[in-house]
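# Observations on the three-dimensional arrangement
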Amino acid sequence: MLGLYIDRDSPLHALAPGIKMLALALAALALIAVDDWRVLAAVLAAVLGLFAVARLPAREVVAQLRPVLFLALFFFAVHALLVSWQSGLVTVLRFTILVSLAVGITLTTRVSDMVDALESGLRPLRFIGVNPAKISLMISLAIRFVPLLVDLVREIRAAQQARGLERSVTAVAVPLIVKTLRMASVLTDAIEARGYDPD
């Protein structure tokens, strides 16, 4: 589960995990205010350029992002039918930008470093009852699960393609939900078995 990190000598790898996490949070907030698909397309191009700056293998990046296209097409179709194609394109671009940033963070940051950075940043909130260890673990795992879910979509689509069902949303969505819940259950058992105690 923790093996997506790729060690490279790059500015993004050297960047403090806390800064990368903060940038992702700010990007999510900023994207809400942008509804021009041309601006979002330019932002997406810039985000994809960061993978080159990080000197990450193109094959690995493509493997992580390819399944996103399926979800993006689904979102686009829903919005195009219910609202407009412009709305669908804006939604797809926002989604793709955030997933790309999350994948970039995962490939350039160790999960242990994410947890440490989040815990340090949340420590001032302890006085109001916030448990920094629990929150940092939750957020870091959520980010880490983004590329894992992308992998799951790719595996499920490959299996359904062999059955001739790759175009069926239900044939992909149902196994994805089941596998996600099963993975979460396994993760919970693993954490409990190791006696994790954030208190």
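Only a predicted model underlies this, so the values are computations on that prediction, with no experimental measurement involved.

### Quick notes on the environment of Val-43
In this structure, Val-43 sits in helix H3 (residues 37-53). With 51 residues separating them along the chain, Val-43 and Arg-94 place their C-alpha atoms 9.4 Å apart.

### Structural notes on the confidence of the model for the protein
Overall, the prediction assigns the protein a mean pLDDT of 80, with 86% of residues at 70 or greater. Per-residue pLDDT, averaged within each element of the protein, yields its smallest value for helix H8 (residues 132-162) (72) and its largest for H3 (92).

### A closer look at H3
Across its 17 residues, H3 extends 24 Å between first and last C-alpha, which sits within 8% of the 24 Å expected from 1.5 Å per residue. Those residues of H3 lying buried are Leu-40, Leu-44, Val-47 and Phe-51. Projected down its long axis, H3 shows its buried positions confined to an angular sector of 65°, all on one face. Looking at H3, the residues exposed on the side facing more than 90 degrees away from the buried face are Arg-38 and Ala-52.

### Thoughts on the side chain of Lys-20
Inspection of the secondary structure assignment puts Lys-20 in helix H2 (residues 17-33). At 2.9 Å, the side chain of Lys-20 forms a polar contact with the backbone oxygen of Leu-12. Among residues more than four places away in sequence, those in contact with Lys-20 are Leu-12, His-13, Leu-15, Ile-105, Thr-108 and Thr-109.

### Looking at the packing of aromatic side chains
This model, assessed by the stated rule, comprises one aromatic pair. Geometrically, the ring pair formed by Phe-75 and Phe-95 is edge-to-face, given 5.0 Å between the ring centres and 90° between the ring planes. On the criterion of sequence distance, the pair formed by Phe-75 in helix H5 (residues 68-82) and Phe-95 in helix H6 (residues 85-108) is long-range, its members being 20 residues apart. Its relative accessible area of 22% is what places Phe-95 among the partly exposed residues.

Basis of the calculations
- Residues numbered from 1 in each chain as written.
- Predicted model: local features only at pLDDT ≥ 70, side-chain atom pairs only at ≥ 80, totals over all residues.
- Heavy atoms only, no water.
- Helix = DSSP H or I, 4+ residues; strand = E, 2+ residues; numbered from the N terminus.
- pLDDT = per-residue confidence, 0-100.
- Expected span 1.5 Å × (residues − 1).
- Buried < 20%, exposed > 50% of the residue type's maximum accessible area, 1.4 Å probe, protein only.
- Arc of directions from axis to C-beta.
- Polar contact = N/O pair within 3.5 Å; in protein donor to acceptor, adjacent residues only side chain to side chain.
- Contact = heavy atoms within 4.5 Å.
- Phe/Tyr/Trp six-rings, centres within 6.5 Å; stacked < 30°, edge-to-face > 60°.

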